[in-house]
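If you want the building blocks of each chain, they are given just below.
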Amino acid sequence: MEKTKVIGQTKDAGFEIGVRKTFPVSVEQAWNFLFSDQGLAIWLGGINPNEFDINQGYKTAEGTAGKLTIFKPYSHTRLTWRRKDWNNTSTLQLRVINAKGKAPLSFHQEKLLNNNQRDEMKAHWDAVITQIGSYLK
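Residues numbered from 1 in each chain as written. Predicted model: local features only at pLDDT ≥ 70, side-chain atom pairs only at ≥ 80, totals over all residues. Heavy atoms only, no water.

Q: Looking at this structure, how should I read the nonpolar core?
A: Grouped burial of nonpolar side chains is what soluble globular proteins tend to show. Core analysis: the biggest nonpolar cluster contains 35 residues, and Trp 43, Phe 107, Trp 125 and Ile 132 have the highest contact counts within it. Mapped onto this core, the elements with two or more residues apiece are strand 1 (15-23), helix 1 (27-34), helix 2 (37-43), strand 4 (76-81), strand 5 (90-96), strand 6 (103-112) and helix 3 (115-133). Once residues within four sequence positions are removed from consideration, Trp 43 is found in contact with Leu 34, Phe 35, Phe 52, Thr 77, Leu 79, Leu 92, Leu 94, Phe 107, Trp 125, Val 128 and Ile 132. (Core = buried A, V, L, I, M, F, W, Y, C linked by side-chain atoms within 4.5 Å. Buried < 20%, exposed > 50% of the residue type's maximum accessible area, 1.4 Å probe, protein only. Helix = DSSP H or I, 4+ residues; strand = E, 2+ residues; numbered from the N terminus. Contact = heavy atoms within 4.5 Å.)

Q: Explain the sheet that holds strand 5 here, please?
A: To summarise the sheet geometry, strands pair through backbone hydrogen bonds and adopt either a parallel or an antiparallel arrangement. Here we have 6 strands laid out as an open sheet, ordered 1-6-5-4-3-2, and antiparallel in their pairing. Across the chains shown, the open sheet's two edge strands, defined by having one partner strand only, are strand 1 and strand 2 (57-59). Here the average twist between neighbouring strands, direction ignored, is 20°. Where strand 3 (residues 65-72) lies against strand 4, 4 bridges are found, and the strand directions are antiparallel. From the neighbouring strand, Phe 71 faces strand 4, where its bridge partner is Thr 77. This element, helix 1, spans strand 3, strand 4, strand 5 and strand 6 of the sheet and lies at about 140° to strand 5. Helix 3 contacts strand 1, strand 4, strand 5 and strand 6 of the sheet and is inclined by roughly 15° relative to strand 1. (Pairing = 2+ DSSP bridges. Axes fitted to C-alpha atoms, helices over the stretch in contact; angles between N-to-C directions.)

Q: Is there a simple way to explain helix 3 in this structure?
A: An α-helix turns once per 3.6 residues; consequently, residues spaced three or four apart project the same way. With 19 residues, helix 3 ought to run about 27 Å at 1.5 Å a step, and its terminal C-alpha atoms sit 27 Å apart, in line with that. Of the residues making up helix 3, those classed as buried are Gln 117, Arg 118, Met 121, Trp 125, Val 128, Ile 129, Ile 132 and Gly 133. Down the axis of helix 3, the sector holding all buried residues measures 135°, keeping them to one side. Opposite the buried face of helix 3, by more than 90 degrees, sit the exposed residues Asn 116 and Thr 130. If you follow the buried residues of helix 3, they end up packed against strand 1, helix 1, helix 2, strand 4, strand 5 and strand 6. The backbone nitrogen of Asn 116 has a side-chain oxygen 3.1 Å away, supplied by the residue at the start of helix 3, namely Asn 114. (Expected span 1.5 Å × (residues − 1). Arc of directions from axis to C-beta. Polar contact = N/O pair within 3.5 Å; in protein donor to acceptor, adjacent residues only side chain to side chain.)

Q: So what exactly am I meant to see when it comes to unusual backbone geometry here?
A: Glycine aside, residues mostly have negative phi, and peptide bonds are mostly found in the trans state. For Asn 55, which is not a glycine, the phi torsion comes out positive at approximately 60°. Mapped onto the elements, Asn 55 comes out in the loop between helix 2 and strand 2. Accessibility expressed as a relative area gives 49% for Asn 55, which makes it partly exposed. For Tyr 74, which is not glycine, the phi torsion reads 65° and is therefore positive. Summarising the element assignment, Tyr 74 is placed in the loop between strand 3 and strand 4.

Q: Is there a simple way to explain the pairing of strand 4 in this structure?
A: Consecutive side chains of a regular strand alternate in pointing toward one face of the sheet and then the other. Between strand 3 and strand 4, which pair antiparallel one after the other, the connecting turn spans 3 residues, and Tyr 74 there sits at a positive phi close to 65°. Summarising the sheet, strand 4 and strand 5 pair through 6 bridges and their orientation is antiparallel. Its bridge partner lying in strand 5, Trp 81 is registered against Ser 90.

Shown next as C-alpha cells:
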C-alpha cells in the first residue's frame, strides 16, 4: 500500500512552506527596507538591529528566538526560528532575487512540526508579505 503524500511534507525536514511575491523595486531597495527597523519589525518582530548579527542568538519582543546562521547582503539570509509557544525550532530563509529590475522576495520555512503549524505559518507569511508590499510599491 502506497503512503499518501501530504502537501508541504518533506522526506527529511518535516513540513515546509514558501511564500513569494515580486515587488517593483530594486534588490537593494527591498533588502535595505527588510533590514531597517521598520522592515525587521514586520517580518521578524521587535528587535534592535544591532542585536541581530551573524552567528548570534536573537530574541524579539514577541518572544520569537533563534540564531542567524547565514547573512549574504542583497541575496539571502538563513536563521533558526522558534515562536515562544512552540516546542520545536524551524529554519527560515529569506531571499531577495534580482529579476530585470524587480525584486522577487521569498520566505521559505522548513522543519515545521505538522500540517497545522504549516497552515499557521502560511497565514503568517502571507500577511507579512502583504504588509511589506504596502511599503514596496
